[in-house]
Amino acid sequence: MTEAAPGTGRDMDYESRLKAFEGRELVAPRPGQDPVNVPMIRHWVEAMEDANPVYLDEDAARATGRDGIVAPASMAQAWTMRGYAASVRPDEGTRTVGDELTDVLAEGGYTSVVATDSDFEFHRELVPGDHISVQEVVESISPEKKTGLGLGRFVTTVRTYRDQDGEVVATQHWRLLRFKPKPPEEAAEKAKEQEKPKALRPRPAINPDNAFWFEAAKEHRLVIQRCSACETPRHPPGPACPHCGSFEWEAVEAGGRGHVYTYVVNHHPRHPAFDFPHVVAVVELAEGTRLITNLIGIEPADVEIGMPVVLDWLDADPELTLPVFRPDTGQEER
């Protein structure tokens, strides 16, 4: 992300108009519709699956030295939200500083918005009966920046949360990116790029000794080279038997079952032809040879050494078919 080139003349006037919003109050101190209450705490912790007992169990809370149950700190903002009705039926005929700022940003073309971060500082825990109010002030508006979403400005505000006695209970730095939507032609170009065909897998080094193996794979046949003299199977293919030295061999078809001898989950370096992470495994076939391959149909975290696997096929492109393996559930026809 880099800073765009500064403007002059009218642009400088626009910059000063935006700068004038810094320090202005967007939201005057406004109390929440309801005080902190147990039903809302219960809804929150159930939704967040937060099992900390201090939020609902009086005895558990007292055992920690508290006077009673407390609200989750992250609910601070929730106590001051105005609710659905206020968002769909705002007060008519009233103009706020926030509306003015939105208009000025829209004038500059910054009509889209996305929240980028929220930084909370909590001063004390909230308890049932506390009635929280919020005040929001513009802290800063950045110069125009180049971002992945387009040209935009980061608008940072500070929200101050106070209780019924005016004591500050939390502060929040809230940052939005107001950005210019990318032109339709640029969006179309990006979509076109995404539609480009997937990169081809790297080509195997095919030679007279192993060509038969890749030709069989195109027919969805997994074959193993076997010495004609001593009948020892071998892989990868080679010109001579490493056991007896014979140059005579034949190709026999494998049954397609085996187990994971070892494996690695590959994250980097990334190649555009592969989906990451992917599992590279050494599979030991029932016939006794081992094959470097990919595992499919299983999450990397679920792979185990020794797990049974069964043959499947990957038609990578019209010129390349490779054997891959998936978990053997025992339901395949044997």
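Please refer to the structure higher up on the page.
Residues numbered from 1 in each chain as written. Predicted model: local features only at pLDDT ≥ 70, side-chain atom pairs only at ≥ 80, totals over all residues. Heavy atoms only, no water.

The subject of this paragraph is the overall build of the protein. Across its full length, the protein holds 7 helices and 15 strands. A globule of 334 residues ought to have a C-alpha radius of gyration of about 20 Å, yet the protein, at 33 Å, is considerably larger. With the C-alpha coordinates of the protein rotated into their principal frame, the extents come out at 95 × 65 × 30 Å. Counting the 334 residues in the protein, one finds 35% classified as buried. Taking the intrachain contacts of the protein between residues at least 6 apart in sequence as the baseline, contacts between residues at least 24 apart amount to 63%. Carbon and sulfur atoms make up 52% of the accessible area of the protein, which totals about 20100 Å². Computed over 36 positive and 56 negative side-chain charges, the inter-centroid distance for the protein is 5 Å. (Helix = DSSP H or I, 4+ residues; strand = E, 2+ residues; numbered from the N terminus. Rg over C-alpha atoms; globule rule 2.2 N^0.38 Å. Buried < 20%, exposed > 50% of the residue type's maximum accessible area, 1.4 Å probe, protein only. Contact = heavy atoms within 4.5 Å. Areas by Shrake-Rupley, 256 points an atom, 1.4 Å probe, with all protein chains shown as cover. Lys, Arg positive; Asp, Glu negative; His and termini not counted. Charge placed at Lys NZ, Arg CZ, Asp CG, Glu CD.)

A word on helix 7 (residues 211–218). One turn of an α-helix holds 3.6 residues; hence residues three or four places apart share an orientation. Turning to helix 7, its buried residues are Phe212, Trp213, Phe214, Ala216 and Ala217. His220, located one to two residues past helix 7, shows a positive phi value of around 60°.

What follows concerns the nonpolar core. Counting 25 residues, the largest nonpolar core has Trp213, Leu222, Val283, Leu285, Leu295, Val309 and Phe325 as the members making the most contacts within it. Where this core is concerned, the elements lending two or more residues are helix 7, strand 8 (223–227), strand 12 (278–285), strand 13 (290–295), strand 14 (308–317) and strand 15 (320–327). Counting residues per element, this core draws most heavily on helix 7, at 5 residues. Of all hydrophobic cores here, the second largest spans 17 residues; its members include Ile41, Tyr55, Ala71 and Ile132. (Core = buried A, V, L, I, M, F, W, Y, C linked by side-chain atoms within 4.5 Å.)

What follows is about the side chain of Gln225. Positionally, Gln225 belongs in strand 8. Within polar-contact distance, the side chain of Gln225 engages the backbone nitrogen of Gly238 at 2.9 Å. Look past the residues within four positions of Gln225 in its chain and what remains in contact with it is Phe212, Thr232, Pro233, Arg234, Pro237, Gly238, Trp249 and Glu250. (Polar contact = N/O pair within 3.5 Å; in protein donor to acceptor, adjacent residues only side chain to side chain.)

For the rest of this paragraph, the subject is the pattern of salt bridges. Tallied over the full model, the rule gives 21 salt bridges. The partner of Arg159 in a salt bridge is Glu136, and the shortest N-O contact between them spans 3.2 Å. You can see Arg159 sitting in strand 6 (residues 150–162) and its partner Glu136 sitting in strand 4 (residues 133–141), a full 23 residues away along the chain. Pair check on accessibility: Arg159 and Glu136 agree, each one buried. A salt bridge links Asp312 to Arg326, with the nearest nitrogen and oxygen atoms 3.0 Å apart. A residue pair is termed long-range when its members are at least 10 positions apart, and Asp312 in strand 14 and Arg326 in strand 15 qualify at 14 residues. Overlapping salt bridges bring together Arg124, Asp130, Asp163 and Glu167 as one network. (Salt bridge = Lys/Arg side-chain N within 4 Å of Asp/Glu carboxyl O.)

On to the sheet that holds strand 10 (residues 249–253). Strand pairing in a sheet takes place through backbone hydrogen bonds and is either antiparallel or parallel in direction. The 3 strands are arranged 9-8-10 in an open sheet whose pairing can be described as antiparallel. At either margin of the open sheet sits one strand with a lone partner, and together these are strand 9 (233–234) and strand 10. Sheet topology places strand 8 next to strand 10; 5 bridges connect them, and they run antiparallel. Looking at the pairing, Ile224 lines up with Val252 of strand 10. Contacts from helix 7 reach strand 8 and strand 10 within the one sheet, and its direction differs from that of strand 8 by about 145°. (Pairing = 2+ DSSP bridges. Axes fitted to C-alpha atoms, helices over the stretch in contact; angles between N-to-C directions.)

Tallied over the full model, the rule gives 0 disulfides. No disulfide involves Cys241; its sulfur sits 3.7 Å from that of Cys230, the nearest cysteine. What makes Cys241 buried here is its relative accessible area of 4%. (Disulfide = S-S within 2.5 Å.)

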